[in-house]
Amino acid sequence: GTAPFAAGGTAPFAAGGTAPFAAGGTAPFAAGGTAPFAAGDSFFVVEKVVFHEGSEPPRETHPALEMLLSNAHEQSAAGHIEELGKMLSDAVFAWRNGTLSEAQRQLLDSCVKCRILSTAKSNSPSLEKALVLYRNLTKAMPSPSFAPGVLEHKALNAAFLPRGDHKRPGDPVARGFLEVLDARPFQSAQSGRMELAETILSKNNPLTARVMANRIWLWTFGAGIVPTPDNFGRMGEKPTHPELLDFLALKLQADDWSLKTTLGYLLETEAFHRTSTPSPEAASVDPLNALLSHAHVRRLEAESIRDALLSVSGALEAQQFGAPVAPNSPRRSIYLQQRRNSLPALLSTFDAPKPFTTLGRRDSTTVPAQSLMLLNDPAILQLCKRWSDTVRAKVTGPDARIQAMFVSALGRPPSEAEASKARAFLAAAGDPDNLTPLAHALFNLKEFIYLR
C-alpha cells in the first residue's frame, strides 16, 4: 500500500532518502557540524506557565497536531508523506539553529517516542562520534566553583524592631558600627559595608586585634590569655596577662594581620618550648597554670588523632589540595567532606565541632565512647594490622621492632620496663611475630592522644 511507512514506500526515512538523519545527509550531528550541545551541557526550558481559577484543569493544546493539520494541502498519501518529511526536516534544522518552535518541539518529541525518529547512536556514525566527543569534553571540564557575593547599591536604613517584633517596626536606625565603640553613623549613600570593614580593622578599634591575637594564642598554647575567647565583655573572664595581649594585638596589626607571621613568632618563644611538668612552687601557687609557668597538657584535636593513626600506620596519603573526600579516605582530615546529617564518627567522638556555627574554643571531653572507638572500630583494627605488617617487613628482631613502634607512636624509645612488658604481652598473645596486639595497645595509650 501507500501507507507512510509501507515497505519500499517513499517514507522520509527510507534507505537512501533525504531524511534529516540519513547517512551522509545534513543532519545536525554530521561530522564537522555545529551541534548545539557541543558548546555546553544539556538543559531544559519551561515554555509557559498557566494560571487558572476554575475547578477543571486548563484544556490542553496540541500545537504539533495543529501545525500538521494547517499545513496539509496535498490530497494523496504520497503528498502527505512528503509534507511530513519536510516539516520534520524543518523542525530538525530549526532545533539545530536555535529557532525551534513549541509545535516543532512536540512534533520531534512525538516522533522520537514513537520511534519514527531514532536516537540510537549506532544508526549514525557521525552521531556516535559527536556523542563520544561531547561526553569526553564533559568529563574533562572542571567542576564550577561558586562564591556568594553582593553588589553595592543605594541602601536604606533598617527600622528598629522592638523586642524583635517585625510586625511593629519602629523608627529607622542609621547604619553604623557598635555604638558602645563608635556611635557615629556611616555617611555613605551605599550599603556601608566598606565603612564597616574599615572600622572593624581600624587601629582605633582594639577589640578585633585582641580577639584575633587571643585565639592564635589559644590555638598555640591550649588556653587563651582571655579564658573566654567568645566573650570579652562583662560576663567573660579577665585576661591573665593584659600587657601580653596588647603587645600581640599591636604586633598582629603591624604584621599586616598575617596569621602565619604571628604563629611563627609564638612557636619560637621560650614559653612554647617549656615542659609540661610544673615546679613544686608552681603546682602550689598556680595549680591551674593561669600564669603559664609551664606548658598545658592537652589532648590532640579530633583531626590530629585521626591523622596520627593514619600516619603512624603508614596509610596516610600525602596528596595536597583537591576536592573533598569520603570519610573512609586515607587523606588528611582537613580534606574530609562534611555532611551535617552524616558526620565522621571518629571525629565526632573526639569532640570535633559540628559545622553549624562558629566556636572559639573546642570542648575536650573524656567519655567511654572514645575508648570504645579506639578498641573496637574496624577501621582502626585494620590500621593496626597494616602497621604491624609494615614494621615486621622492615625491621628485624623483636626488640628492634618494639623500639621502632614506640618511637613511631610516642616519639621516644621504650623504657626497660615498657620493653619487658611489651615482649611478655606479645608472647602471651600467642605469636611474637604478630605485632598487631602491640600496635593496638599503643594506639590506646593516653600518651598517644595527649600532647605534653
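See the structure shown above.
Criteria and cut-off values
- Residues numbered from 1 in each chain as written.
- Predicted model: local features only at pLDDT ≥ 70, side-chain atom pairs only at ≥ 80, totals over all residues.
- Heavy atoms only, no water.
- Helix = DSSP H or I, 4+ residues; strand = E, 2+ residues; numbered from the N terminus.
- Rg over C-alpha atoms; globule rule 2.2 N^0.38 Å.
- Buried < 20%, exposed > 50% of the residue type's maximum accessible area, 1.4 Å probe, protein only.
- Contact = heavy atoms within 4.5 Å.
- Areas by Shrake-Rupley, 256 points an atom, 1.4 Å probe, with all protein chains shown as cover.
- Lys, Arg positive; Asp, Glu negative; His and termini not counted.
- Charge placed at Lys NZ, Arg CZ, Asp CG, Glu CD.
- Core = buried A, V, L, I, M, F, W, Y, C linked by side-chain atoms within 4.5 Å.
- Axes fitted to C-alpha atoms, helices over the stretch in contact; angles between N-to-C directions.
- Parallel < 35°, antiparallel > 145°, perpendicular 65-115°, else oblique.
- Left-handed = near helix turned anticlockwise from the far one by under 90°.
- Nonpolar A, V, L, I, M, F, W, Y, C, P; charged D, E, K, R; others polar.
- Expected span 1.5 Å × (residues − 1).
- Arc of directions from axis to C-beta.
- Salt bridge = Lys/Arg side-chain N within 4 Å of Asp/Glu carboxyl O.
- Phe/Tyr/Trp six-rings, centres within 6.5 Å; stacked < 30°, edge-to-face > 60°.

### Observations regarding the overall build of the chain
Argument step 1. Assigned secondary structure in the chain consists of 17 helices and 2 strands.
Argument step 2. Over its C-alpha atoms the chain spans a radius of gyration of 36 Å, topping by over 25% the 22 Å that the globule rule assigns to 452 residues.
Argument step 3. Projected onto the principal axes, the alpha-carbon positions of the chain cover approximately 115 × 80 × 45 Å.
Argument step 4. The burial tally for the chain puts 27% of its 452 residues in the buried class.
Argument step 5. Intrachain contacts of the chain at a sequence separation of at least 6 include 49% that bridge at least 24 residues.
Argument step 6. Carbon and sulfur atoms form 58% of the exposed surface of the chain, whose accessible area is close to 30,600 Å².
Argument step 7. Distance between charge centroids for the chain: 3 Å, based on 46 positive and 44 negative side chains.

### Observations concerning the nonpolar core
Argument step 1. Of all hydrophobic cores here, the largest spans 36 residues; its most connected members are L309, I380, W387, M405, F443 and F448.
Argument step 2. Looking at this core, the elements with two or more residues in it are α10 (302–313), α11 (345–349), α12 (368–376), α13 (378–394), α14 (398–410), α15 (416–428), α16 (436–443) and α17 (446–449).
Argument step 3. A total of 6 residues in this core trace back to one element, the largest contributor, which is α10.
Argument step 4. Once residues within four sequence positions are removed from consideration, L309 is found in contact with L346, L374, I380, L383, F443 and F448.

### Points about unusual backbone geometry
Argument step 1. Located in the positive-phi region is D256, a residue other than glycine, with phi close to 60 degrees.
Argument step 2. Tracing the backbone shows D256 in the loop between α7 (242–254) and α8 (259–267).
Argument step 3. The exposure class assigned to D256 is exposed, which follows from its relative accessible area of 64%.
Argument step 4. Its identity as a non-glycine residue notwithstanding, N289 has a phi of 60 degrees, on the positive side.

### As for the packing of α14 against α16
Argument step 1. Running from amino to carboxyl end, α14 crosses α16 at an angle of 30 degrees, the nearest separation of the two axes being 11 Å. The pairing of α14 with α16 is recorded here as roughly parallel in orientation. Considering only the axes of α14 and α16, their crossing is right-handed. Here α14 contributes I402, M405, F406 and A409 to the contact with α16, which in turn contributes L438, A439 and L442.
Argument step 2. In terms of residue class, the contact of α14 with α16 is made up of 7 nonpolar, no polar and no charged.

### Quick look at the environment of A295
Argument step 1. The topology assignment puts A295 in the loop between α9 (280–285) and β1 (298–299).
Argument step 2. Measuring from C-alpha to C-alpha, the distance between A295 and P278 comes to 8.2 Å, with 17 residues separating the pair along the chain.
Argument step 3. Not counting residues within four places of it along the chain, the set of residues in contact with A295 comprises R274, T275, S276 and N289.

### Overview of α10
The periodicity of an α-helix, 3.6 residues per turn, causes residues three or four positions apart to be oriented the same way.
Argument step 1. With 12 residues, α10 should cover 16 Å at 1.5 Å per step; its first-to-last C-alpha distance of 17 Å lies within 8% of that length.
Argument step 2. The element α10 is largely enclosed, with a buried count of 9 among its 12 residues.
Argument step 3. Every buried residue belonging to α10 is among A302, I305, R306, D307, A308, L309, L310, V312 and S313, and all of these are buried.

### Quick notes on helix α1 (residues 63–70)
Argument step 1. Along α1, the residues classified as buried are P63, A64 and M67. Down the axis of α1, the smallest arc covering the buried residues is 100 degrees, so these residues share one side. Exposed residues lying more than 90 degrees from the buried face of α1 are E66 and L69.
Argument step 2. Considering only its buried residues, α1 is in contact with α2 (77–97) and α3 (102–113).

### Examining the pattern of salt bridges
Argument step 1. In this structure the tally under the stated criterion is 19 salt bridges.
Argument step 2. Put simply, D246 and R210 hold a salt bridge, and the shortest N to O gap is 2.7 Å. Here D246 is found in helix α7, whereas its partner R210 is found in helix α6 (residues 206–221), with 36 residues between them in sequence.
Argument step 3. The exposure class assigned to R210 is partly exposed, which follows from its relative accessible area of 30%.
Argument step 4. Here R412 and E418 are joined by a salt bridge, their closest N and O atoms 2.9 Å apart.
Argument step 5. Its relative accessible area of 24% is what places R412 among the partly exposed residues.

### Quick notes on the packing of aromatic side chains
Argument step 1. In total, this model carries 5 aromatic pairs according to the counting rule given.
Argument step 2. Look at W217 and F221: their rings are 4.0 Å apart centre to centre, the planes differ by 25 degrees, and that puts the pair in the stacked class. Taken together, the residues span about one helical turn, with W217 and F221 both in helix α6 at a distance of 4 residues.
Argument step 3. Residue W217 is classed as buried on the basis of its relative accessible area, which comes to 6%.
Argument step 4. Measuring from centroid to centroid gives 6.3 Å for F247 and Y265, while their planes differ by 50 degrees, and the two rings are tilted. With F247 in helix α7 and Y265 in helix α8, the pair connects residues that are 18 residues apart, well separated along the chain.

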